[in-house]
Amino acid sequence: DRHAWDLFHRQSVFRRLNFNETYLISMIARANGHFHVSKQEGNKEEGMRSKAVFVSGLFVAILVCGIIAEAGLAQDPNMPFPSYGSGPVEVRIYTDYFCPPCRAMEPDVETILQELLKKNAIRLILVDVPFHALTPLFARNFLYALKQNNDLEHAFRVRNILQDAATNKDVKTQERIEALLKEKGIASGVWDSKPAFDRYNALIKEDKIDATPTCVIVKNGGKNAFVGRPDIVKALKALQESTVLRN
């Protein structure tokens, strides 16, 4: 049910927090009944739009336990981050594994992004946005898989596997995700992903992300945001065409 997609607060009211802390605070605030959050409204072509709602919270105890367990893990200063290329234009793709429009968009944008990277036209950053309660769990496993191989092709492969897994109600725990990835020959595990989550949070806050999929293009000192599959694909194709003309 697309109306059952989970809730996400607006990052701008918080100091810079890690992925789990940020989501936990929104859950606690909702449990206390005094916080406004945005609810994803799905549309396969237009993307997820957000609107303010007044709600009560869930999953607080689960998230607290998860954060306490992760607090005992050592941080890895060399954690890989999904950033690729060194071109003059920065492209930031914001998605959620539980977002159907994001899954639908992936095949359209992968080919374009790969071509732009081959021409060294862009620097690509893939950012997971925690609109769903389980997104941090999926994001941690994605980042762990990048330790094995942090090239774009591998990153897209892992993302596609996790996006498909998000549609399976039986794959909702670390054990199930690890088993799935192991079956595909992909490394998986639990670790402190705070450094990468901090970078995610900084970008989400900077670009004021409140809907997925969103693409932000930073070019010639300017910044433009595109929301929803049609607008994102159109913007990336325009960037692709301008690169061809320059060459």
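Predicted model only: the values in this text are computed from it and were never measured. (Residues numbered from 1 in each chain as written. Predicted model: local features only at pLDDT ≥ 70, side-chain atom pairs only at ≥ 80, totals over all residues. Heavy atoms only, no water.)

> Give me the overall build of the chain: which residues, what numbers.
From N to C terminus, the chain includes eight helices and eight strands. When the 247 residues of the chain are sorted by exposure, 51% land in the buried category. For the chain, the share of sequence-separated contacts (at least 6 apart) that also reach a separation of at least 24 residues comes to 76%. Only carbon and sulfur atoms are counted for the fraction: they give 52% of the accessible area of the chain, which is about 11,600 Å². (Helix = DSSP H or I, 4+ residues; strand = E, 2+ residues; numbered from the N terminus. Buried < 20%, exposed > 50% of the residue type's maximum accessible area, 1.4 Å probe, protein only. Contact = heavy atoms within 4.5 Å. Areas by Shrake-Rupley, 256 points an atom, 1.4 Å probe, with all protein chains shown as cover.)

> Report on the environment of Ile177, specifying residues and quantitative values.
Its location among the elements puts Ile177 in helix 6 (residues 174-183). Ile177 gets classed as buried once you look at its relative accessible area, which sits at 0%. The spatial distance from the C-alpha of Ile177 to the C-alpha of Ser188 is 8.0 Å, given a sequence separation of eleven residues. Setting aside its immediate chain neighbours within four residues, Ile177 contacts Leu137, Phe138, Asn141, Leu162 and Val171.

> Describe the sheet that holds strand 8 (residues 222-227), and please don't skip the residues or the numbers.
Strand pairing in a sheet relies on backbone hydrogen bonds, with the paired strands running either antiparallel or parallel. Within the open sheet, the five strands sit side by side as 4-6-5-7-8. Their pairing is mixed. Single-partner strands in this sheet number two, and they are strand 4 (83-84) and strand 8. Relative to strand 8, strand 7 (residues 214-219) runs antiparallel, the two sharing six bridges. Bridging from a neighbouring strand, Cys215 pairs with Phe226 of strand 8. Docked against the sheet, helix 5 (residues 152-165) engages strand 4, strand 5 (89-95) and strand 6 (122-128), running at close to 25 degrees with respect to strand 6. Helix 7 (residues 194-206) contacts strand 5, strand 6 and strand 8 of the sheet and is inclined by roughly 100 degrees relative to strand 6. (Pairing = 2+ DSSP bridges. Axes fitted to C-alpha atoms, helices over the stretch in contact; angles between N-to-C directions.)

> Just give me the short version of the pairing of strand 7, but keep the residues and values in it.
The pairing of strand 5 with strand 7 spans five bridges and is classified as antiparallel. The partner of Val91 across the bridge, within strand 7, is Ile217. Hairpin remark: strand 7 followed by strand 8, antiparallel, with two residues in the connecting loop; positive phi at Asn220, about 50 degrees.

> Got a sec to walk through the pairing of strand 6? Specific residues and values, please.
Strand 6 sits mainly inside the fold: six of its seven residues count as buried. Bridge analysis of strand 4 against strand 6 gives two bridges, and the strand direction is antiparallel. Across the sheet, Tyr84 pairs through a bridge with Leu124, a residue of strand 6. Taken together, the seven bridges between strand 5 and strand 6 define a ladder with parallel strand orientation. Bridge pairing in strand 6 links Val91 to Leu124.

> Quick one: what's the story with unusual backbone geometry, residue by residue and with numbers?
Residue Pro213 is reached from Thr212 by a cis peptide bond, and omega for that bond is -5 degrees. Tracing the backbone shows Pro213 in the loop between helix 7 and strand 7. Even without a glycine there, the phi angle at Lys208 is positive, about 55 degrees. Summarising the element assignment, Lys208 is placed in the loop between helix 7 and strand 7. Exposure remark for Lys208: the relative accessible area of 65% places this residue in the exposed category. A positive phi angle, near 50 degrees, is found at Asn220, a position not held by glycine. Inspection of the secondary structure puts Asn220 in the loop between strand 7 and strand 8.

> Talk me through the nonpolar core; I want residue IDs and the actual numbers.
Proteins that are soluble and globular tend to have nonpolar side chains buried together. Core analysis: the largest hydrophobic core is formed by 58 residues, its most contacted members being Val91, Leu113, Ile122, Leu124, Phe138 and Leu236. Apart from the residues lying within four places of it in its own chain, the contact partners of Val91 are Leu113, Ile122, Arg123, Leu124, Ile125, Cys215, Val216, Ile217, Leu236 and Leu239. (Core = buried A, V, L, I, M, F, W, Y, C linked by side-chain atoms within 4.5 Å.)

> For helix 6, give the residues involved together with the corresponding values.
Those residues of helix 6 that sit buried are Gln174, Ile177, Leu180 and Leu181. Along helix 6, the residues classed as buried sweep out an arc of 130 degrees about the axis, all on the same side. Facing away from the buried side of helix 6, by more than 90 degrees, are the exposed residues Glu175, Lys182 and Glu183. For helix 6, the elements touching its buried residues are helix 4 (135-148) and helix 5. (Arc of directions from axis to C-beta.)

Remember, this is a structural readout, not a statement about activity or role.
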